[in-house]
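Topology and contacts: notes
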Amino acid sequence: MVIEQSQSFAQLISLNFPADNAIDFLQLAEPSELFFQLSPAALIEQAVQRGEGQLTDTGALLCTTGRFTGRSPKDRYIVRDELTADTVDWGNVNIPFSAAKFDQLHRRMRSFLEYQTVYVRYARAGESSPGADPAHQLNLCILTTAAWQNLFCHNMFQRVADDELNRFKPDFTVLAVPGFKAIPTEDSTRAENFALLNLSKRILLIGGTCYAGEIKKGIFSALNYLLPSQNVLPMHCSANVGERDGKTDVALFFGLSGTGKTTLSADPNRALIGDDEHGWSETGVFNFEGGCYAKVVDLTREREPQIYDAIRYGAIVENTRFAPGTSTVNYSDTSLTENTRTSYPIDFINNARIPSVAGHPKTIFFLTCDAFGVLPPIARLTPEQAMQYFLLGYTAKVAGTEMGVTEPKATFSACFGAAFMPLTPGAYAKMLGDKIREHDTDVWLINTGWTGGGYGVGKRVSLTHTRALISAVLSGRLDPDRIQYRAHPIFGLAMPATCPDVPNALLDPRQTWVDTAAYDEKAMYLQRLFDEKQQIL
């Protein structure tokens with residue numbers, strides 16, 4: 001047994017597993033090796049020695065996640081008990097799980113750790129500002145059996161200072177054991193892999209999958225359940241901050257995976273607050289995390305220099321490949337998955353805001369990748385439209401992204417993150433609406449998808465033009481008192497007639513189609529999908 005910090009095994013366990021946990025870890029197993037709070041360098045060394053990863057020519061650690069290269073939403077469960085029975089929005093997203101079966105699975109997982117190497121990390125999720133309200137934080141004890149997953153947690157969660165360790169009191173335990181597999185007939189799971197959240201006991205169990213994103217999103221789900229009662233709106237968005245007219249100017253970027261949250265918030269002219277998960281409290285916006293988890297498919301320094309340069313020693317790249325005969329990552333190689341990613345501490349971005357907090361947002365962008373090519377590249381939303389699009393959470397999948405998808409397919413995820421929202425969508429929407437009205441926040445729709453035709457016919461809106469549109473909003477050059485707007489005839493969206501550095505024709509999507517009748521038909525089709533979804537909501 002090895003402990004990097006000067007604590008005995010019994011002392012460590014007494015901190016990690018307080019008396020109110022259902023099962024005493026010591027009654028079941030004692031790991032053969034237990035590493036506590038290893039440094040990134042030590043974890044990288046262990047990962048390489050254990051064959052978990054390889055170093056790239058930039059010093060980053062390249063790892064593969066095996067069978068699962070993304071989350072498995074059908075295998076995510078929440079324990080149904082007295083706390084959650086009438087508060088969680090149960091269904092296909094929040095799948096109920098028996099408290100008794102949880103205890104059974106938990107017991108077997110702990111027994112499995114005997115003779116295993118375990119890496120323990122203290123970390124924090126939630127508000128990180130000096131004097132932060134403890135109710136806005138989760139103190140985490142994370143146990144992993146993979147060194148690289150422990151490094152992932154060091155990168156992604158807020159780090160605990162060395163002089164805090166002896167007095168740090170975890171109030172949420174994470175146990176991530178890829179080698180442990182459930183027995184569906186005994187454990188009442190759908191498959192051998194699972195992510196199981198117990199909100200009463202404040203425990204997250206993950207087994208049968210090596211995809212580290214399950215850890216990150218499991219804690220996000222817990223915060224999404226706990227924080228609304230503290231009048232904090234949890235948000236699946238990125239955020240940055242600049243200045244406008246001598247005042248702090250905070251912007252939020254909501255969007256589903258692949259719509260551009262990380263890319264568009266990484267702006268060299270603005271400080272990055274965070275790239276994925278935030279809370280909006282009575283004092284402003286704060287990042288839940290301590291790192292970034294960016295997609296890297298087709299990554300280049302020219303297009304995304306901040307992300308590219310962050311992939312250095314201490315960072316992780318997942319499910320990428322080396323160029324043949326080299327240790328240079330080939331970011332265009334998607335032979336393992338389209339979902340190639342990198343994880344790094346937020347301070348690897350040279351203009352990150354530390355601590356990751358700021359005031360109330362002046363601007364909100366809803367990002368959608370419209371593969372039908374009918375939504376405008378930018379539109380100003382009324383408060384009513386903002387609520388509609390927030391509840392819709394629309395984007396579109398394209399051919400080849402999933403089995404059976406051969407043409408663009410509309411996808412809806414309420415609040416741009418339904419997979420992580422234990423409460424009803426309406427609860428989050430009401431909080432957003434109240435905060436938008438209270439702080440007079442402007443909301444814009446940005447289409448980062450196709451123009452001039454749908455997928456396979458048109459082309460993607462260029463990143464250069466999307467950045468120009470966002471820059472124009474943030475600088476005030478698209479304020480309604482400065483330029484004219486026209487209403488989209490089908491969607492009713494307010495489209496600017498002109499924008500600096502963007503062709504006027506691009507601003508009206510109908511003008512970019514050769515066959516305008518085909519455009520009208522496809523636009524009406526998408527509006528019908530919107531109407532049908534809104535009736536369900």
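Residues numbered from 1 in each chain as written. Predicted model: local features only at pLDDT ≥ 70, side-chain atom pairs only at ≥ 80, totals over all residues. Heavy atoms only, no water.

Condition: UniProt positions are given in the numbering used here, feature names are shortened, and annotations may be inferred rather than shown by experiment.
For the protein chain, the name recorded in an unreviewed UniProt entry is Phosphoenolpyruvate carboxykinase (ATP), with Fibrivirga algicola as its organism. Reading the Subcellular location (unreviewed entry) entry of the UniProt record for the protein chain gives the comment "Cytoplasm".

1. Points about the sheet that holds strand S2 (residues 53-55)
Stated formally: When DSSP finds two or more bridges between two strands, those strands count as paired. Only DSSP runs of H or I covering at least 4 residues are called helices, and only runs of E covering at least 2 are called strands; the numbering of each starts at the N terminus. Think of each axis as a best-fit line through the C-alpha atoms, taken over the contacting stretch in the case of a helix, with angles from 0 to 180 degrees between the N-to-C directions. Note on definitions: a residue-residue contact is assigned when non-hydrogen atoms from the two residues lie within 4.5 Å.
Taken together, five strands build an open sheet; the order of strands is S2-S3-S18-S21-S17 and the sheet is mixed. One side of each edge strand has no neighbouring strand; the edge strands of this open sheet are S2 and strand S17 (291-295). Taken pair by pair, the neighbouring strands of this sheet meet at an average axis angle of 20°, ignoring direction. Alignment of S2 against strand S3 (residues 61-63), held across three bridges, turns out to be antiparallel. Considered in S3, the bridge of Gly53 is made with Cys63. In the packing of helix H2 (residues 40-49) onto the sheet, the strands contacted are S2 and S3, and the crossing angle to S2 comes to about 115°.

2. Some thoughts on the UniProt feature "binding site: Mn(2+)" (unreviewed entry) in the protein chain
The following threshold applies: With a 1 Å grid spanning the protein atoms alone, the term cavity applies to any set of points in which a 1.4 Å probe fits but cannot get out, the term pocket to an open set with protein on both sides within 12 Å along at least five of seven lines, and the term lining residue to any residue with an atom within 4 Å of a point. Think of it in three bands: residues with accessible area under 20% of the maximum for their type are buried, residues over 50% are exposed, and the middle band is partly exposed, with areas taken using a 1.4 Å probe on protein chains only. The definition of a polar contact used here is a pair of N or O atoms within 3.5 Å, where within protein one atom must be able to donate a hydrogen and the other to accept one, and adjacent residues in sequence count solely through side-chain atom pairs.
Mapped onto this numbering, the UniProt entry annotates "binding site: Mn(2+)" (unreviewed entry) at Lys217, His236 and Asp276. Spatially, the listed residues are clustered: although they cover 60 residues, their C-alpha atoms lie within 10.3 Å of one another. As for the annotated residues, the ones lining the largest cavity are Lys217. Looking at the element boundaries, Lys217 is found in helix H6 (residues 213-226). A residue is classified by how much of its surface remains accessible, and Lys217, at 10% relative accessible area, is buried. Those residues in contact with Lys217 that lie beyond four places of it in its chain are Arg71, His236, Asp276, Glu277 and Phe420. Residue position: His236 is located in strand S12 (residues 233-244). Accessibility expressed as a relative area gives 6% for His236, which makes it buried. If near-sequence neighbours (up to four positions away) are discounted, His236 is found in contact with Lys217, Phe220, Phe253, Phe254, Gly255, Lys261, Asp276, Phe416, Gly417, Phe420 and Met421. Among the polar contacts made by the side chain of His236, one reaches the side chain of Lys217 at a distance of 3.4 Å.

3. Considerations on empty space enclosed by the protein
Rule in force here: Grid points are joined across faces, edges and corners, and a volume is the space filled by probe spheres set on the points. Classification used: nonpolar for Ala, Val, Leu, Ile, Met, Phe, Trp, Tyr, Cys and Pro, charged for Asp, Glu, Lys and Arg, polar for all others including Gly.
In this structure the tally under the stated criterion is three cavities of 30 Å³ or more. What the largest cavity holds in volume is close to 80 Å³. Lining the largest cavity we find Arg71, Arg76, Tyr77, Ala195, Leu197, Leu204, Glu214, Lys217, Gly218, Ser221 and Phe420. Elements supplying a minimum of two residues to the lining of the largest cavity: strand S4 (76-80), strand S10 (194-198) and H6. With four residues, the single largest contributor to the lining of the largest cavity is H6. Partitioning the lining of the largest cavity into residue classes produces five nonpolar, two polar and four charged.

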